[in-house]
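What the coordinates show
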Amino acid sequence: MVKEIKRLNEAEIGRVLKRLRTEKGLTLKQLADMSGVTQSAISRYENNKRMPTMIVLYALMNALEVDLF
């Protein structure tokens, strides 16, 4: 997974975030509560309407128990 995250381009980040969240059986609300990122922001990232900052991406990956680096 770490290699996959490192190779992501901007268009793929949302797809991977959504896949990781759904594979863990988490709702947007659950991931929001775990990461401190709002549901609406996560939805925008998953739908490639916005790009998360590195800090936000780290919070999401940490909540999803994925090593970003």
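This text gives an overview of the structure that appears in the document. (Residues numbered from 1 in each chain as written. Predicted model: local features only at pLDDT ≥ 70, side-chain atom pairs only at ≥ 80, totals over all residues. Heavy atoms only, no water.)

1. Considering the overall build of the protein
A tally of helices and strands in the protein yields 5 helices and 0 strands. The burial tally for the protein puts 38% of its 69 residues in the buried class. If you take every contact in the protein between residues at least 6 apart in sequence, the share linking residues at least 24 apart comes to 53%. When the accessible surface of the protein is split by element, carbon and sulfur atoms take 52% of a total near 4400 Å². (Helix = DSSP H or I, 4+ residues; strand = E, 2+ residues; numbered from the N terminus. Buried < 20%, exposed > 50% of the residue type's maximum accessible area, 1.4 Å probe, protein only. Contact = heavy atoms within 4.5 Å. Areas by Shrake-Rupley, 256 points an atom, 1.4 Å probe, with all protein chains shown as cover.)

2. Here's the deal with the environment of Lys 49
Summarising the element assignment, Lys 49 is placed in the loop between helix H4 (39-46) and helix H5 (54-63). Judged by its relative accessible area of 67%, Lys 49 falls in the exposed class. Here the alpha-carbon distance between Lys 49 and Ala 11, two residues 38 residues apart in the chain, equals 9.5 Å.

3. A few points about helix H2 (residues 10-23)
Side chains three or four residues apart in an α-helix point the same way, a direct result of the helix having 3.6 residues per turn. Taking 1.5 Å of rise per residue, 14 residues should cover 20 Å, and H2 covers 21 Å from first to last C-alpha, within 8% of that figure. Taken together, the buried positions of H2 are Ile 13, Gly 14, Val 16, Leu 17, Leu 20 and Arg 21. Note on H2: the residue one or two positions beyond its end, Gly 25, has a positive phi of about 75°. (Expected span 1.5 Å × (residues − 1).)

4. Examining the side chain of Glu 46
Within the element layout of this structure, Glu 46 appears in helix H4. For Glu 46, a relative accessible area of 8% translates into the label buried. Side chain to side chain, Glu 46 and Arg 21 meet in a polar contact 2.7 Å long. If sequence neighbours within four positions are ignored, Glu 46 has contacts with Gly 14, Arg 15, Leu 17, Lys 18, Arg 21 and Leu 28. (Polar contact = N/O pair within 3.5 Å; in protein donor to acceptor, adjacent residues only side chain to side chain.)

5. Some remarks on the side chain of Ser 35
Turning to its location among the elements, Ser 35 is positioned in helix H3 (residues 28-35). The exposure class assigned to Ser 35 is buried, which follows from its relative accessible area of 15%. At 2.8 Å, the side chain of Ser 35 forms a polar contact with the backbone oxygen of Leu 31. A polar side-chain atom of Ser 35 sits 3.2 Å from the main-chain amide nitrogen of Val 37. Sequence-distant contacts of Ser 35, defined by excluding residues within four places in its chain, comprise Ile 42, Ala 59, Leu 60 and Ala 63.

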